[in-house]
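Structural characterization, general
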Amino acid sequence: MLVSAKEMLQKAKAGHYAVGQFNINNLEWTKAILLTAQEMNSPVILGVSEGAGKYMCGYTTVVGMVNAMIYELGITVPVALHLDHGSYEAALKCIDAGFSSVMFDGSHYPIEENIAKTRELVALTDRLGVSLEAEVGAIGGEEDGVVGGGEVADPDECKRIADLGVTMLAAGIGNIHGKYPANWKGLSFDTLAAIQERTGEMPLVLHGGSGIPEEMVRKAITLGVSKVNVNTECQLAFAAATREYIEAGKDLEGKGFDPRKLLAPGVEVIKQTVRDKITLFGSADKA
Ligand SMILES: [Zn+2]
């Protein structure tokens, strides 16, 4: 059964570790992540972007697949199914479809509008026992042409959003989505400390977790980050393993073209990536 991310994140915050959000794209991704979380006895958050939701034939398909997989694979660790960077409308759709957690990303709105929309969703998600992630300020990334410094959030705005009663808060601390540029300045720990100081017990979320040096991730967790999002790293690992399989001509040997064989090396490296992240975040045996 799917659970809200609230309890797992409050435990993580109190225990000074973080829970990983691993984005899913299809059955193989989902299976690899669920099996690894179970193997490590770790709580886990499955992230679904609007684009991935569409790709997987809609949110109800995703809910059906994940629920069935939890049952068929005998998964007993806490699993939250979470909308990643959702619009207000997508958040409503996901709640309707049976997601146990949603992110409303109002970071591109003026702060007053972000607050107004987030407040409405707090009322709804509270009533339904669904966890809600909000975001303050924009986080840099290749997609919007921002490189180098990344984006940083205003700690006072973070406090205003946290005070609305959201479950978790994403705020820019110099992180970037996608691949990090060579001239990246690193995480801004001063910003993180200032946000933590103003938001107290609120679990903070680190987006763009792929490619941040391990030491920085560890330090961010000690400063109040309780959820780290991982997406690109699994994609890069999967693509590299699949490329290696094909370049070695293995798809041409025997039944090597069978998708269950063709996709297997990619699945194994997703498992290894998730294993490494769970170890780094410290959530093993915290289920
Ligand atoms: Zn993100």
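One structure accompanies this document, and this report is about it. In this text, all values refer to a predicted model and were calculated from it rather than measured experimentally.

Quick look at helix α1 (residues 6-15)
Listing the buried residues of α1 in full gives Met-8, Leu-9, Ala-12 and Lys-13. Down the axis of α1, the sector holding all buried residues measures 135°, keeping them to one side. Facing away from the buried surface of α1 by more than 90 degrees, the exposed residues are Ala-14 and Gly-15. Close packing links the buried residues of α1 with β1 (19-23), β3 (79-86), β7 (168-171) and β10 (225-230). Two residues or fewer after α1 comes His-16, characterised by a positive phi angle close to 60°.

Topic: the packing of helix α4 (residues 59-72) against helix α5 (residues 88-97)
It is at 9 Å that the axes of α4 and α5 come closest, and there the two elements cross at 40°. What the angle tells us is that α4 and α5 run oblique. The interaxial crossing formed by α4 with α5 has right-handed handedness. Taking contact as the criterion, the partners of Tyr-59, Thr-60 and Val-63 in α4 are, on α5, Lys-93, Cys-94 and Ala-97.

Conventions used here
- Residues numbered from 1 in each chain as written.
- Predicted model: local features only at pLDDT ≥ 70, side-chain atom pairs only at ≥ 80, totals over all residues.
- Buried ≥ 20, exposed ≤ 12 C-beta atoms within 10 Å, placed from the backbone.
- Helix = DSSP H or I, 4+ residues; strand = E, 2+ residues; numbered from the N terminus.
- Arc of directions from axis to C-beta.
- Contact = placed C-beta atoms within 7 Å.
- Axes fitted to C-alpha atoms, helices over the stretch in contact; angles between N-to-C directions.
- Parallel < 35°, antiparallel > 145°, perpendicular 65-115°, else oblique.
- Left-handed = near helix turned anticlockwise from the far one by under 90°.

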